[in-house]
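Below, each chain spelled out in residue letters.
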Amino acid sequence: MGAPSEQIILITTMAAAIPFSFLNYLIKGHRNRLLYSLIIGLIFHISIYGFKSLHTIFATLVTYYYLYFAGRKFSPSYVLIYAILHLSVLNIHRMFFDFGGWAIDDVSTIYMVYVAKYSSFAFSYHDGGKDISEIRSDHLKKQRIVDLPSLLEYASYIYFYPTTIVGPFIEYKDFINFIDLTDCYANLNNNLGYIFYQGTEKFLLGIFYIIFFALFGDKYPMYAVGTAEFREKYPSFWQRIVYMYLCGPVGRAKYYVAWLLTYSSLIFSGMAYGESVDKKTGKIIHDVEKGTYGSIIYNEVGMNPTEKMRYWNTSIHVWLKYNVYVRVLSSKTMFRNNKVVAAFCAYGLSAIWHGFYPSYYVSFVMIYLFEQDGIFLNEIGFYKFVQKNKFMWPITALKTSFFNNIIGSIFYCLEIGTTKQILINYKGLPVNVIVSFYVFTLVYRFAFMRKKKEKIDELRQQDG
């Protein structure tokens, strides 16, 4: 299929976790299940990252023993800061010695996910010492850790075998419930048919995207939009627009392969399983949402940029939402309840978390502005209008997809020079439209929505 041998190794190793997920059902007992998770996970981890695995082993011990000795007295933010600094060293090293490269054995790839695990665990342990009434989020109430687990429990969580190569992120409390077969996992063995169906579906979809990328990866490479030759090959502006619609799905296909294969293993193991109750009928609804990558359909044809962000690498979105966004909102600072600042903090951390390539920061600023534009359109009822008037859906979806692909290409191409070339090739359209519309939303909110709020408050006072 023309794929490099190292990519074949990565794909087969991710797929190899699936049979071990089946064997997981034969392992009984708390300690045995923890040891199984840890040993198999370390084997997979070391088989890919080799000697560089010492980075994650060291960080796992440092973060655990910091919490062990410091307890809940000191802020869990220190764990996040340490993990981000360690990741930053790895990212800077890659920039100096392999600029633009993503070697299979580059441990910074999985360390990104481990940063989410380390910090989430620390914050949940910190929450365990609070009065539950002090915690605003139901999600955080559910994930709080009252007693510090053993090192075996912590390490097994970090190196849980379906997540130890490229992720996804999962919460510790969900993991330990899975190990003990408590909470929703008490019904796990009664729903194996549903679990195997979902796992098989995601695995086959992953195989489809391997073939898809093999067929079209060289025909519509995303890096081409950042070259001067691009305008020579596609002199018509409309040709370049069509190319952007084609290269976007091709560029995302690589991510879909990694996410689908690891996610299918997570489903097969039973870890992704969950239950909720239908409020109308009272019936139990099954799902496999834990660790999900999101929605490929919405990523490709969705209308609302805010929802696109939610459905792109959803497990990391969950980490950022509950460990950055929600915590800034509920903090005892001047930014309490400030959604704009909370969102900016989440995007800022996400940018640093990804690395220090200059184009990352351009793309994250644009993503932030684009998402805020989507929030504004949702506030004024635009998307409800589109849903009622179906003829508007293709136009809105194409508009959102185009700008999303432009931002993605800027992220993908890494350098400021290529970022500048992309904007030249597309006549500065994304910056002009996204920034101009964002400025308009600020003016509109200040001039109209503030007056509307004042009028509502005045009517409430009149009503007593």
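Our subject in this report is the structure included herewith. If you're wondering where the values come from, they're calculated on a predicted model, not measured in any experiment.

1. Digging into the overall build of the protein
The helix and strand tally for the protein stands at 20 helices and two strands. Scaling as 2.2 N^0.38, a compact globule of 464 residues should have a C-alpha radius of gyration of about 23 Å, and the protein matches this with 23 Å. In terms of overall dimensions, the protein has C-alpha extents of about 70 × 60 × 45 Å along its principal axes. Relative to its 464 residues, the protein shows a buried fraction of 51%. Of all intrachain contacts in the protein linking residues separated by at least 6 positions in sequence, the fraction that spans at least 24 positions is 75%. Total accessible area on the protein stands at roughly 22700 Å², and carbon and sulfur atoms take up 65% of it. Across the protein, the centroid of the 45 positively charged side chains sits 4 Å from that of the 32 negatively charged ones.

2. Comments concerning the side chain of Asn404
Tracing the sequence through the fold places Asn404 in helix 18 (residues 392-413). Here Asn404 falls in the buried class, since its relative accessible area comes to 16%. With residues up to four places along the chain from it excluded, the contact list for Asn404 reads Arg252, Asn299, Lys308, Met309 and Phe370.

3. Here's the deal with the packing of helix 3 (residues 53-70) against helix 7 (residues 151-158)
It is at 11 Å that the axes of helix 3 and helix 7 come closest, and there the two elements cross at 135°. Accordingly, the angle class assigned to the pair helix 3 and helix 7 is oblique. Classified by chirality, the crossing of helix 7 by helix 3 is right-handed. Taken together, the residues of helix 7 that come into contact with helix 3 (itself represented by Thr60, Leu61, Thr63, Tyr64 and Tyr65) are Leu151, Tyr154, Ala155 and Ile158.

4. What about unusual backbone geometry?
Following Gly167, the chain continues into Pro168 via a peptide bond in cis, with omega recorded as 10°. Considering the arrangement of structural elements, one finds Pro168 in the loop between helix 7 and helix 8 (172-180). Unlike most non-glycine residues, Leu181 shows phi in positive territory, near 55°. Positionally, Leu181 belongs in the loop between helix 8 and helix 9 (192-216). You will see that Leu414, though not glycine, has its phi angle at about 75°, which is positive. With respect to the secondary-structure elements, Leu414 resides in the loop between helix 18 and helix 19 (416-425). Classification of Leu414 by relative accessible area gives buried; the value is 8%.

5. Remarks on helix 14 (residues 314-329)
The axis of helix 14 is deflected most strongly, by about 35°, at Lys321. For helix 14, the tally of buried residues reaches 12 of 16 residues, placing the bulk of the element in the interior. Where helix 14 is buried, its residues meet helix 4 (77-97), helix 5 (108-127), helix 6 (138-143), helix 13 (305-310) and helix 15 (339-354).

6. Considerations on the environment of Asn337
Along the chain, Asn337 falls in the loop between helix 14 and helix 15. Counting along the chain gives 12 residues from Asn337 to Tyr325, while the straight-line C-alpha distance between them is 10.0 Å. If we skip the residues at most four places from it in the chain, Asn337 touches Arg136 and Leu329.

7. Digging into empty space enclosed by the protein
Where empty space is left can be seen by rolling a probe of water-molecule size over the atoms. If you walk through the whole model with that rule in mind, you get two cavities of 30 Å³ or more. In this model, the largest cavity occupies a volume close to 60 Å³. Residues belonging to the lining of the largest cavity are distributed by class as follows: five nonpolar, three polar and two charged. In this structure, the second largest cavity spans a volume of roughly 40 Å³. Breaking the lining of the second largest cavity down by element, the ones donating at least two residues are helix 1 (5-23) and helix 11 (237-269).

8. Some words on the side chain of Ser269
The residue Ser269 is located in helix 11 in this model. Among the residues examined, Ser269 registers a relative accessible area of 0% and is labelled buried. A distance of 2.7 Å separates a polar atom in the side chain of Ser269 from the backbone oxygen of Leu266. Setting aside residues no more than four positions away along its own chain, Ser269 makes contact with Ser21, Asn24, Tyr25, Phe160, Tyr161, Pro162 and Phe178.

9. Some details on the pattern of salt bridges
A pair can form between side chains of opposite charge whenever their charged atoms are brought close. Counted under the stated rule, the structure contains six salt bridges. Linking Lys202 and Glu201 is a salt bridge whose minimum nitrogen-to-oxygen distance equals 2.9 Å. Given the relative accessible area of 10%, Lys202 is considered buried. Under the relative-accessibility criterion, Glu201 is labelled partly exposed at 36%. Several salt bridges share partner residues, and in doing so they unite Asp127, Lys130 and Arg327 into one network.

Rules of the game
- Residues numbered from 1 in each chain as written.
- Predicted model: local features only at pLDDT ≥ 70, side-chain atom pairs only at ≥ 80, totals over all residues.
- Heavy atoms only, no water.
- Helix = DSSP H or I, 4+ residues; strand = E, 2+ residues; numbered from the N terminus.
- Rg over C-alpha atoms; globule rule 2.2 N^0.38 Å.
- Buried < 20%, exposed > 50% of the residue type's maximum accessible area, 1.4 Å probe, protein only.
- Contact = heavy atoms within 4.5 Å.
- Areas by Shrake-Rupley, 256 points an atom, 1.4 Å probe, with all protein chains shown as cover.
- Lys, Arg positive; Asp, Glu negative; His and termini not counted.
- Charge placed at Lys NZ, Arg CZ, Asp CG, Glu CD.
- Axes fitted to C-alpha atoms, helices over the stretch in contact; angles between N-to-C directions.
- Parallel < 35°, antiparallel > 145°, perpendicular 65-115°, else oblique.
- Left-handed = near helix turned anticlockwise from the far one by under 90°.
- Bend = angle between axes of the 7 residues up to and from the residue.
- 1 Å grid on protein atoms, 1.4 Å probe; cavity = no way out; pocket = protein on both sides within 12 Å on 5 of 7 lines; lining within 4 Å.
- Points joined across faces, edges and corners; volume = space filled by probe spheres on them.
- Nonpolar A, V, L, I, M, F, W, Y, C, P; charged D, E, K, R; others polar.
- Polar contact = N/O pair within 3.5 Å; in protein donor to acceptor, adjacent residues only side chain to side chain.
- Salt bridge = Lys/Arg side-chain N within 4 Å of Asp/Glu carboxyl O.

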